[in-house]
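So you can see what is in the structure, the chains are spelled out below.
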Amino acid sequence: MLDPHIFRTDLDYVKEQLSRRSFSFNTESYTALEARRKDIQVKTQELQNERNSRSKSIGQAKAKGEDIQPLLDQVQHLGDQLKEAETELSGIQAQMAALMEGIPNILDVSVPDGKSEDDNIEISRWGDIPVFDFEPKDHVDLGSKRGMDFELGAKIASARFVVLNGPLARLQRAIIQLMLDMHSLEHGYNETYVPFLVNADSLRGTGQLPKFESDLFKVDNDPAFYLIPTAEVPVTNIVRDVIVDAKDMPLKFVSHTPCFRSEAGAYGRDVRGMIRQHQFEKVELVQIVKPEESAKAHEELTEHAENVLKKLKLPYRKVLLCAGDTGFSSSKTYDLEVWLPGQGAYREISSCSNFRDFQARRLQARWRNPETGKPELVHTLNGSGLAAGRTLIAIMENYQDAQGRIRIPEALLPYMGGLDIIE
RNA sequence: GGAGAGAUGGCCGAGUGGUCGAAGGCGCACGCCUGGAAAGUGUGUAUACGGCAACGUAUCAAGGGUUCGAAUCCCUUUCUCUCCGCCA
């Protein structure tokens, strides 16, 4: 959520900024609603004031043993008026809240204009794209004889599910282990295990609700649970309604979870292989930082994700998302795209975002600023470090040989129980 | 799943219908005291919205209700704790 204060002080700025995302914000209807809110709030508070002061004098009169009946008669009509005003006020407040919850974050000044991923800006490239003296296969072909079974996934669940058997299952686990170890031991993150089902409040806090419910799997329960689309949701909600001690900041969490996405609206996209699944494994990095440190933390967090790709010697590029491609809650996002020989293309393997105070305001996640002595909103950030399923694919495709065997990257050998190649 | 007890400020804890946004304590901040510190002592110490301000309004888990007036009474929900059952 954006700061309501800037809506009151600089509405044109808000409108202009939101238009970068092609989000058209109707200032006229907002202004009208806000004026009505203020009007009715003042009226309601005046009525409340009158009721309070009259009730107080009734109390005083009663204490002195005076006759309170005349006072009661005076106050009789107040109740209905007040109730009416209060009902109207809460209605308008709900409307305002719904409006505010549907407005995306304001973009950082460094975010380039643009409509789609075609307008993203490449920041850097790392690693050499492997040259094969044979036609490289994609992970589906490589996996078909080595325990990667999409038909079985479809039988057990549906399309967009996979079963991994034997060494490939182990390889995915090894990838997760390596990433958790790197982030917790080398990058200073606190390893965290969290619920995979969350409530609606948590999703509202990080911005998935109310706007993006159709992207989620919902569990029929009262009240509803949702399967997490990313560990960002449970982990960031650790600080919901919390005032973090300044001396504990930054808070840095790393968490491995499965992620569940309905992929509604992705029909026909990436139907082949493990690229886009309803269920996938991911190691997520989350940071809770002081506002003035978030830009620097964003660069660092992205580097932490990059270090995993470097350790695995996977070629990748770093991309700054343009205005149109940056997610709803984010003010600035870097994507890391790994080279997939099977596709002959770079594909997203990590997305690192600075949300500034957008999530924090929804979460009421604050810290006590020693300079002001007041609780102030924190800044939140997160990034994949990395998506494990896509890392598995990238290793398979980049480390294949002419026979379709997959060499195990050196960094993963300690986790593979002596296996150095998947035959 | 059954039975019971709870939920109050940064923390502990008092408060069962009326000047209660809430005693007292801890913690914290700033003074005094001291050579310096500890102890002692004084003052202050929630958040949001409206207002230039004085101040007003809301908030005692959440939502509803009773009442002129609710932290306090009633209902519903959530969460925590204890005991029993079940269970990885």
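Rules used in this analysis
- Residues numbered from 1 in each chain as written.
- Chains lettered and ligands numbered in written order.
- Predicted model: local features only at pLDDT ≥ 70, side-chain atom pairs only at ≥ 80, totals over all residues.
- Heavy atoms only, no water.
- Axes fitted to C-alpha atoms, helices over the stretch in contact; angles between N-to-C directions.
- Helix = DSSP H or I, 4+ residues; strand = E, 2+ residues; numbered from the N terminus.
- Left-handed = near helix turned anticlockwise from the far one by under 90°.
- Nonpolar A, V, L, I, M, F, W, Y, C, P; charged D, E, K, R; others polar.
- Near = heavy atom within 4 Å.
- Polar contact = N/O pair within 3.5 Å; in protein donor to acceptor, adjacent residues only side chain to side chain.
- Salt bridge = Lys/Arg side-chain N within 4 Å of Asp/Glu carboxyl O.
- Buried < 20%, exposed > 50% of the residue type's maximum accessible area, 1.4 Å probe, protein only.

S.K.: Tell me about the packing of helix H3 (residues 27–63) against helix H5 (residues 78–101), residues and numbers included.
M.R.: Contact geometry of H3 with H5 gives a least axis separation of 9 Å together with a crossing angle of 145°. In the crossing of H3 with H5, the sense of the turn from one axis to the other is left-handed. Residue composition of the contact of H3 with H5, grouped by class: 12 nonpolar, 6 polar and 8 charged.

S.K.: Tell me about the protein's contact with RNA strand B, and please be specific about residues and values.
M.R.: Every one of the 19 residues lining RNA strand B counts as a neighbour, but Lys38, Gln41, Gln45, Gln48 and Ser55 are closest to it. Sugar and phosphate atoms constitute 62% of the interface atoms of RNA strand B, taking the interface as everything within 4 Å of the protein. Gln45 is positioned such that a nitrogen or oxygen atom in its side chain is 3.0 Å from a base nitrogen of RNA strand B. Within the side chain of Asn52, one N or O atom sits 3.3 Å away from a phosphate oxygen of RNA strand B. Per element, the largest residue contribution to the surface near RNA strand B is 13 residues, and it comes from H3. Residue composition of the surface near RNA strand B, grouped by class: 4 nonpolar, 8 polar and 7 charged.

S.K.: Got a sec to walk through the pattern of salt bridges? Specific residues and values, please.
M.R.: A complete count under the given rule lists 23 salt bridges for this structure. One salt bridge connects Asp245 with Lys247, and the closest N-O pair in it is separated by 3.2 Å. Given the relative accessible area of 39%, Asp245 is considered partly exposed. A relative accessible area of 69% places Lys247 in the exposed class. In this structure, the salt-bridge partner of Asp401 is Arg405, at a minimum N-O distance of 2.8 Å. With relative accessibility at 27%, the residue Arg405 sits in the partly exposed group.

Interpretation in functional terms is not warranted from these geometric data alone.
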